[in-house]
Protein chains: 2
Amino acid sequence: MKAVSGILLMADLASILQQHNLRKTKFRIELLQLFSETTSSLTAEEIKKRVGKTNDKVTIYRALDAFEKSGLIHKVPDKSNLTRYAMCHTNCSAHAHIDNHAHFICTECNETFCMDEIEVPKMKQHGDFQIKTSNLTLEGNCPKCI
Amino acid sequence: MKAVSGILLMADLASILQQHNLRKTKFRIELLQLFSETTSSLTAEEIKKRVGKTNDKVTIYRALDAFEKSGLIHKVPDKSNLTRYAMCHTNCSAHAHIDNHAHFICTECNETFCMDEIEVPKMKQHGDFQIKTSNLTLEGNCPKCI
DNA sequence: TAATAAACGCAACTCAGTTGCTTTAATGTG
DNA sequence: CACATTAAAGCAACTGAGTTGCGTTTATTA
Ligand SMILES: [Mn+2]
Ligand SMILES: [Mn+2]
Ligand SMILES: [Zn+2]
Ligand SMILES: [Zn+2]
């Protein structure tokens, strides 16, 4: 699959859905475009506000599940018990989901940003604890909120 | 304030509450003891099950808020959208809340452990992002679940 | 174009956490 | 100890994100 970052053309969006075994419905194309445009992350509620036709929230939740399972988006940490998603910038699929970078949460606007350049320190073991994955979350002020 | 780790005597528990401007009620003493005994973390629901008298959930939530504000406990990351707390092992207060260590989530039992020994990598800036705090969360299997 | 299965839409539900308000009990003072 | 004060407890009703079931629509495929 090709990398999905930056703004994409309609044709790209449709073919990305196809490549992930998702049907190219009006809503899902719009949703994928929304994710490709945003530099930070989205909640179900934010999506509902920004999408043209007011879709049912169930449709949004199920689309998010489907996108996540097929490796198009991934959950990002969030302070307020909301589920936030961001587009996978690396090439992920249902079988190999790579999200090996730090995340930044702005304490002002509560947005979460993927910091693709900052690598997460890896360790395998600590005492009797077997470590499989590591997550690094940074907090502070984003460029907008400084 | 003295360090609060390991099992504490009733007298200690009461005086710790006092030092944090909290009243020494039966329930709060029991709650503090529960936290001092557990090596991992607790949710409101887990507390409800383990505490002797079946207290109202509102009482539990308000006690958790009060304990957190006064620096006795701190939130720990949790996968399942639940709010988990663990006892502060360092000396925290309402004014200075230090929680400068990694956290480990067991993917098997969903428990969260404070890894006091693992330090979190610190950085101040990245591009236009101003970083104030960093959190390192590790996932894998805890000693019980290996 | 017809069959099929995915996606959508609606209603009802779940469940952690919250809010308002009254009652109980811990604390401090005389 | 007796009383006033105020934190904490208790109860009921509510909130809001996310879920489940099921019937309908629409994209895909043959
Ligand atoms: Mn990310
Ligand atoms: Mn901790
Ligand atoms: Zn911001
Ligand atoms: Zn475990």
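Structural data are supplied above this passage.
Residues numbered from 1 in each chain as written. Chains lettered and ligands numbered in written order. Predicted model: local features only at pLDDT ≥ 70, side-chain atom pairs only at ≥ 80, totals over all residues. Heavy atoms only, no water.

(A) Looking closely at the coordination of the zinc ion (ligand 3). Residues and elements named next belong to chain A. Only C106 (SG), C109 (SG), C142 (SG) and C145 (SG) from the protein coordinate the zinc ion (ligand 3), and they sit 2.2 to 2.4 Å from it. One can describe the site at the zinc ion (ligand 3) as tetrahedral: its 4 donor atoms subtend angles covering 101 to 119° at the metal. Donor residues for the zinc ion (ligand 3) sit on one chain with the sequence pattern C-x2-C-x32-C-x2-C. With C109 in the loop between β4 (101–106) and β5 (112–119) and C142 in the segment after β7 (129–141), this residue pair connects regions lying 33 residues apart in the sequence. (Donors = N, O, S within 2.8 Å, 3.2 Å for Na, K, Ca; no water. Tetrahedral: all angles 85-135°; square planar, octahedral: opposite > 155°, others 65-115°. Helix = DSSP H or I, 4+ residues; strand = E, 2+ residues; numbered from the N terminus.)

(B) Structural context of the protein's contact with DNA strand C. Around DNA strand C, the surrounding shell holds 19 residues, and the nearest of these are K53(A), R62(A), K57(B), Y61(B) and T83(B). T59(A) is positioned such that a nitrogen or oxygen atom in its side chain is 3.3 Å from a phosphate oxygen of DNA strand C. Mapped by element, the contributors of at least two residues to the surface near DNA strand C are α2 (26–37) and α4 (57–69) of chain A together with α4 (57–69) of chain B. Take the surface near DNA strand C: its biggest share by element is 4 residues, from α4(B). Residue classes in the surface near DNA strand C are distributed as 6 nonpolar, 4 polar and 9 charged. (Near = heavy atom within 4 Å. Polar contact = N/O pair within 3.5 Å; in protein donor to acceptor, adjacent residues only side chain to side chain. Nonpolar A, V, L, I, M, F, W, Y, C, P; charged D, E, K, R; others polar.)

(C) Structural detail: the protein's contact with DNA strand D. Around DNA strand D, the structure places 19 residues, and the nearest of them are K57(A), Y61(A), T83(A), K53(B) and R62(B). Backbone atoms, meaning sugar and phosphate, make up 59% of the atoms of DNA strand D lying within 4 Å of the protein. Between DNA strand D and R23(A), the relevant distance is 3.1 Å, taken from a base nitrogen to a side-chain nitrogen or oxygen of the residue. T25(B) places a polar side-chain atom, nitrogen or oxygen, 2.9 Å from a phosphate oxygen of DNA strand D.

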